[in-house]
Amino acid sequence: MLKLTILGYWAGFPNLGSGSSSYLLQGPLGNVVVDMGSGSAICYTSHHRYEALQGLVLSHWHHDHAADLLHYQHAWKVLMKRGIVQDPLPLYAPPIPSYLHPLLDPSILDIHLINEQAPFELAGIQFEPFPVHHTILCYGMKMQFEDETIAYTGDTAYFPQLSQVVKGCQTLLCEATNFEGSLHSSGQGHMSPQEALHLAHEAEVDQVILTHLPSDLDLDQARQQLAAKYPNQWA
């Protein structure tokens, strides 16, 4: 069984006691954290131990998705020193910005550059990356174990081909930054909730989860509106 836990869902920075973008996938062989926004490590260690990690996956290098990576690296360094783990922790990510090279330790992180032509496996989960339309290089992911597939859009503007890429997955984890009236973002490289729901309908998914939410969103009101429109919790 493939289990998804939301560790953080805000865009830009933590808000109202919750972190920015981060998602835990639990597969048959352990845990994988996809995106490591601020607050990710706190949420992860509330219920799990670092040594249960089988790898990290990063969609792109904006800080609201990558800020806690150095905390995971430091934790793994200590585990290696204590002999609790022996091997570096796998990290799959886009090409690393030059300013971060001095901060990442290849003796602690086993770094693999994401290639859209090269699926990979962590914790028994198959990862299939695909490029999306953001302001910097960013990858979405299809994540599959047996007959269950979760698709994650990463940060992206809507584009018609995306529905074909994620078509038929059971769960779509879809960014929805551009709520009407929000002043959180310029809107470039992001979707509105209407576009996210349109994408989910096009792709014929079983369930869509809206994430990467703007900090000025009235979350309770947004939840009530979705519940009224989709009482079966499709969205």
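Computed from a prediction, not measured in an experiment: that's the story for all the values here.

Tracing the sequence through the fold places Phe-13 in the loop between strand S1 (3-10) and strand S2 (19-20). Taking the C-alpha atoms as reference points, Phe-13 and Asp-35, 22 residues apart in sequence, are found 13 Å from one another. Not counting the four nearest positions on each side in its chain, Phe-13 is found in contact with Ser-20, Asp-64, His-184 and Ser-215.

Tracing the sequence through the fold places His-212 in the loop between strand S13 (207-211) and helix H6 (219-229). Distance from His-212 to Ala-11, taken between C-alpha atoms, is 4.5 Å for residues 201 residues apart in sequence. Aside from chain neighbours lying at most four places away, what touches His-212 is Tyr-9, Trp-10, Ala-11, Ser-21, Tyr-23, Asp-64, His-65, Asp-155, Glu-175, Ala-176, Thr-177 and His-190. A polar side-chain atom of His-212 sits 3.0 Å from a polar atom in the side chain of Asp-64. One polar contact links His-212 to Thr-177, side chain to side chain, over a distance of 2.7 Å.

Quick look at the state of the cysteines now. Evaluation of the coordinates by the stated rule reveals 0 disulfides. Looking at Cys-138, it has no disulfide partner, and the nearest cysteine sulfur is the one in Cys-174, 12 Å off. On the basis of relative accessible area, Cys-138 is assigned to the buried category, the value being 0%.

Now for the pairing of strand S11 (residues 148-152). Counting buried residues along S11, 4 of its 5 residues qualify, which places the element largely inside the surrounding structure. Here strand S10 (residues 139-145) runs beside S11; their pairing, made up of 5 bridges, is antiparallel. By the bridge assignment for S11, Lys-142 is matched with Ala-151. Hairpin connection of S10 to S11: 2 residues between the antiparallel strands, including Glu-146 at a positive phi of 55°.

Here we come to the sheet that holds S11. Strand order in the open sheet formed by 6 strands is S8-S9-S10-S11-S12-S13, with mixed pairing between adjacent strands. Two strands in the sheet have a free side with no partner beyond their single neighbour: strand S8 (120-122) and S13. For this sheet the average axis-to-axis angle between neighbouring strands, irrespective of direction, equals 20°. Relative to S13, strand S12 (residues 171-175) is paired through 5 bridges, and the arrangement is parallel.

Let us look at the sheet that holds strand S3 (residues 22-27). Across a sheet, strands are paired by hydrogen bonds formed along the backbone, either parallel or antiparallel in direction. Taken in spatial order, the 7 strands line up as S2-S1-S3-S4-S5-S6-S7 in an open sheet, and their pairing is mixed. A strand with exactly one partner marks an edge of an open sheet, and here the two such strands are S2 and strand S7 (109-113). For strand S5 (residues 53-57) and strand S6 (residues 89-93), the ladder comprises 2 bridges, and the chain directions are parallel. Looking at S6, one finds that Val-57 is bridged to Tyr-92.

Scoring rules and cut-offs
Residues numbered from 1 in each chain as written. Predicted model: local features only at pLDDT ≥ 70, side-chain atom pairs only at ≥ 80, totals over all residues. Heavy atoms only, no water. Helix = DSSP H or I, 4+ residues; strand = E, 2+ residues; numbered from the N terminus. Contact = heavy atoms within 4.5 Å. Polar contact = N/O pair within 3.5 Å; in protein donor to acceptor, adjacent residues only side chain to side chain. Disulfide = S-S within 2.5 Å. Buried < 20%, exposed > 50% of the residue type's maximum accessible area, 1.4 Å probe, protein only. Pairing = 2+ DSSP bridges. Axes fitted to C-alpha atoms, helices over the stretch in contact; angles between N-to-C directions.

Functional significance is not addressed by these values, which are geometric in nature.
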